[in-house]
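Topology and contacts: notes
The residues making up each chain are set out below.
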Amino acid sequence: MPHSRYAVARRWLLFWTLFIGIGAAAGAVGMLLDPSGRALGMDAMLPYFQVLPFADALFQDFTFSGWALLIVNGLTNLTAAALLLARKRAGAVLGGVFGVTLMLWIGIQFYMFPPNFMSTIYFFFGLAQAATGWAACVFQRQEAFRFDPADYPHAGTDGKQLVVYFSRMGYGRKLAYERAERTGAAVYELRATERTEGTLGFWWCGRYGMHRWDMPIEPVTVDLTAFDHVTVCAPIWVFRLAAPVRTFCRAAAGKIKEVDYILVHHQNSCYENAAAEMDALLGIEHTALTSVRCRQGTYKEITP
């Protein structure tokens, strides 16, 4: 079974929601059982509450603060934890949102109290929870993306056209097969010999992209000279052509008769710079450029 980044993020988010939720509920119960705050050693904090609106009515003891803590940080996080345990998508969304809520709660404390360790550390707890919730939402959408080559029965019916692609997450692969389905072109996948999968693969690929390095690929076994037209489907790494495709273009120089490009990325740009780089490497000008923005499996074609 493939490694699931969502499962890891979900477990960490479950930890944060339970940690914050149970802690908030316990603190709220202590305030409600002893509104004076003496049992929790909080009675000396009451004067600081007088800077808040309606202090005369709401903040003469810890009753209102206890209920607020229970509702805002206790029950909310425990609800998110229950949804995460039930494997509901809303659990990841709410878990991240309640991390932001905790940071706002602590922001009020920064206004009320002198600088202190407890408020500061809980602000960073909220930040970690919000970041984990965001990661869980992204990984969940990525892993929900599905692709089946059997859905493209016409791919490979035209022996004179070829679609070459490299895809780390599968998004470019789907675009390559969609083009092959329309044209009947054969499909060929470029495979890197470096690690490209998962979170570590993301950072490793980013290193190659940042330095504009070539990335070693497995030997190209298809005869490029046998095709009248080749489509190259390439991702964009750090605003430039993906390293494995750069390596392919160097190896394919002088072997391709006619070419067009499909570029896959996350921004609202056509990336003519990547197309120009491929032209220079292949020694041929492209006939067409299709630029597609893809965010967690949702596609949008970008036009100049």
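Let me begin by describing the structure that accompanies this report.

Before going further, it helps to spend a moment on the environment of Ile236. Along the chain, Ile236 turns up in strand 3 (residues 229–237). Placed 35 residues apart in sequence, Ile236 and Tyr271 show a C-alpha to C-alpha distance of 8.3 Å. Setting aside residues up to four positions removed in sequence, Ile236 forms contacts with Leu241, Leu263, Val264, His265, Tyr271 and Ala274.

Our focus in this paragraph is the nonpolar core. Counting 35 residues, the largest nonpolar core has Val245 and Phe248 as its most contacted members. Looking at this core, the elements that each hand over two or more residues are strand 1 (158–165), helix 7 (198–211), strand 3, helix 8 (243–251), strand 5 (259–265) and helix 9 (272–282). What Val245 contacts, discounting residues up to four positions off in sequence, is Phe166, Leu190, Val232, Ala234, Pro235 and Met278.

At a closest axis distance of 8 Å, the pairing of helix 4 (residues 89–112) and helix 5 (residues 117–144) adopts a crossing angle of 160°. Taken together, the axis directions place helix 4 and helix 5 in an arrangement best described as roughly antiparallel. As for the relative orientation of helix 4 and helix 5, their crossing is left-handed in sense. Counted by class, the contact of helix 4 with helix 5 contains 15 nonpolar, 10 polar and 2 charged residues.

A few words on the pattern of salt bridges. Taken as a whole and judged by the stated rule, the model has 5 salt bridges. Salt-bridge contacts for Arg179 lead to Asp260; the nearest nitrogen and oxygen are separated by 2.7 Å. Placement of the pair is Arg179 in helix 6 (residues 171–183) and Asp260 in strand 5, with a sequence separation of 81 residues. Take Arg179: its relative accessible area is 13%, and that puts it in the buried class.

Let us now look at the environment of Gly107. By the secondary structure assignment, Gly107 is in helix 4. A residue is classified by how much of its surface remains accessible, and Gly107, at 31% relative accessible area, is partly exposed. For the pair formed by Gly107 and Leu13, sequence separation is 94 residues and the distance between their alpha carbons is 21 Å.

Attention now moves to the pairing of strand 3. With respect to burial, strand 3 is a largely interior element, 9 of its 9 residues being buried. What you see with strand 3 is no split at all: His229, Thr231, Cys233, Pro235 and Trp237 on one side and Val230, Val232, Ala234 and Ile236 on the other are buried throughout. Pairing between strand 3 and strand 5: 6 bridges, direction parallel. Within the sheet, the bridge partner assigned to Cys233 lies in strand 5 and is Ile262. Both strand 3 and strand 4 (residues 240–241) contribute to a ladder of 2 bridges, which runs antiparallel. The partner of Ile236 across the bridge, within strand 4, is Leu241. Hairpin connection of strand 3 to strand 4: 2 residues between the antiparallel strands, including Val238 at a positive phi of 50°.

Right, let's get into the side chain of Ser65. Here Ser65 lies in helix 3 (residues 63–85). Residue Ser65 is classed as buried on the basis of its relative accessible area, which comes to 8%.

Here we come to the pairing of strand 5. Counting buried positions along strand 5 yields 7 of 7 residues, so the element is predominantly enclosed. A two-sided burial pattern is seen for strand 5, the buried positions comprising Val259, Tyr261, Leu263 and His265 on one face and Asp260, Ile262 and Val264 on the other.

Quick look at a nonpolar patch on the surface now. On the surface, Leu18, Ile22, Trp67, Ile71, Leu75 and Leu78 cluster together into a nonpolar patch covering about 540 Å² of accessible area. Those elements that provide at least two residues to the nonpolar patch are helix 1 (5–33) and helix 3. Per-element accounting of the nonpolar patch gives the leading share, 4 residues, to helix 3.

What follows is about the side chain of Thr290. Along the chain, Thr290 turns up in strand 6 (residues 289–295). Residue contacts for Thr290: discarding those within four places in its chain leaves Arg179, Tyr261, Ile262, Leu263 and Glu301.

Our next topic: helix 8. Across the 9 residues that make up helix 8, a large majority, 7, are buried. Those residues of helix 8 lying buried are Ala243, Pro244, Val245, Arg246, Thr247, Phe248 and Cys249. At its buried positions, helix 8 is contacted by strand 1, helix 7, strand 3, strand 4 and helix 9.

Conventions and cut-offs
Residues numbered from 1 in each chain as written. Predicted model: local features only at pLDDT ≥ 70, side-chain atom pairs only at ≥ 80, totals over all residues. Heavy atoms only, no water. Helix = DSSP H or I, 4+ residues; strand = E, 2+ residues; numbered from the N terminus. Contact = heavy atoms within 4.5 Å. Core = buried A, V, L, I, M, F, W, Y, C linked by side-chain atoms within 4.5 Å. Buried < 20%, exposed > 50% of the residue type's maximum accessible area, 1.4 Å probe, protein only. Axes fitted to C-alpha atoms, helices over the stretch in contact; angles between N-to-C directions. Parallel < 35°, antiparallel > 145°, perpendicular 65-115°, else oblique. Left-handed = near helix turned anticlockwise from the far one by under 90°. Nonpolar A, V, L, I, M, F, W, Y, C, P; charged D, E, K, R; others polar. Salt bridge = Lys/Arg side-chain N within 4 Å of Asp/Glu carboxyl O. Pairing = 2+ DSSP bridges. Patch = residues over 30% accessible without salt bridge, like charges linked within 9 Å, V, L, I, M, F, W, Y side chains within 5 Å. Areas by Shrake-Rupley, 256 points an atom, 1.4 Å probe, with all protein chains shown as cover.

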